[in-house]
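Chain residues, written in single-letter form:
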Amino acid sequence: MKSSKLIILGISGSPRKAATDFVVRKALEYAKEKFRVKTDYFHFYGKKINFCLHCDYCIRKKMGCIQKDDMVEAYTKLEEADAMLFGTPVYNGTLSGQLKTFFDRCRALVAKNPNALKNKASAGVSVGGDRVGGHELALLTIHSFFLINKMIPVSGGALKANLGGTVWSRDLGAKGAEEDVEGFKSVYKTVDRLVELAMLLRKT
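The rules behind each value
Residues numbered from 1 in each chain as written. Predicted model: local features only at pLDDT ≥ 70, side-chain atom pairs only at ≥ 80, totals over all residues. Heavy atoms only, no water. Salt bridge = Lys/Arg side-chain N within 4 Å of Asp/Glu carboxyl O. Helix = DSSP H or I, 4+ residues; strand = E, 2+ residues; numbered from the N terminus. Buried < 20%, exposed > 50% of the residue type's maximum accessible area, 1.4 Å probe, protein only. Contact = heavy atoms within 4.5 Å. Phe/Tyr/Trp six-rings, centres within 6.5 Å; stacked < 30°, edge-to-face > 60°.

A. Highlighting the pattern of salt bridges. For the structure shown, the criterion picks out 14 salt bridges. Between K160 and E182 there is a salt bridge whose closest N-O contact spans 3.8 Å. Separated by 22 residues along the polypeptide, K160 in the loop between strand 5 (152-153) and strand 6 (165-168) and E182 in helix 7 (residues 181-203) bring together distant segments of the chain. On the basis of relative accessible area, K160 is assigned to the exposed category, the value being 65%. Put simply, R170 and E179 hold a salt bridge, and the shortest N to O gap is 2.2 Å. Judged by relative accessible area, R170 falls into the partly exposed class, the value being 33%. Judged by its relative accessible area of 42%, E179 is partly exposed. Several salt bridges share partner residues, and in doing so they unite K160, E182 and K185 into one network.

Now the structure itself:
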């Protein structure tokens, strides 16, 4: 049964319980307190998520992925959510390998149900040890995933949240991220727009 409340799913694409985990959790906390939505969360630390094998089982059988790892839990959360916020650390100037693997594995979900992610409001946040050097590419890659899967990408809009939230951790983990006040403004602007669109879509 569909929840009476909007469900906002946050996904931390980091293998660690550090800055990205903190930022996504804070974003969900903000959404819950301000908009009274229901939130859900999926993280990668301690999880087993294998690379896509490109075996085409999902294409041939239309029964999901042949690999039964922790993506099974993720598939359920993705289908139940009304809107999604993907967070990634910036690794080598772009998103994490873990999040890219997650995206690759979503091929099985869409092969089973081409509309599994269709018209879901979606946004991204990036967390980097450097202020510049990868945030935009990471966010654009996340947006590419949205477009490919018929999702509706959003950002916080012009003036400091152009492609989504960007947080500077200074490589100090959650403590460093928490101290980036300007960065969190971009995160909250992005969440505002994400929930606004999800509410509009719920009415249609």
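From this point on, the discussion continues.
B. Main features of the side chain of Q67. Topologically, Q67 is positioned in the loop between helix 2 (57-61) and helix 3 (71-80). A relative accessible area of 13% places Q67 in the buried class. Not counting residues within four places of it along the chain, the set of residues in contact with Q67 comprises N50, F51, C52, L53 and R105.

C. The arrangement of the packing of aromatic side chains in detail. If you walk through the whole model with that rule in mind, you get 13 aromatic pairs. A centroid spacing of 4.2 Å and a plane angle of 20 degrees characterise the contact between Y30 and Y188, whose relative ring orientation is stacked. Of the two residues, Y30 is situated in helix 1 (residues 19-35) and Y188 in helix 7; the sequence distance between them amounts to 158 residues. In this structure Y30 comes out as buried when scored by relative accessible area, which is 19%. Taking relative accessible area as the criterion, Y188 reaches 24% and is therefore assigned partly exposed.

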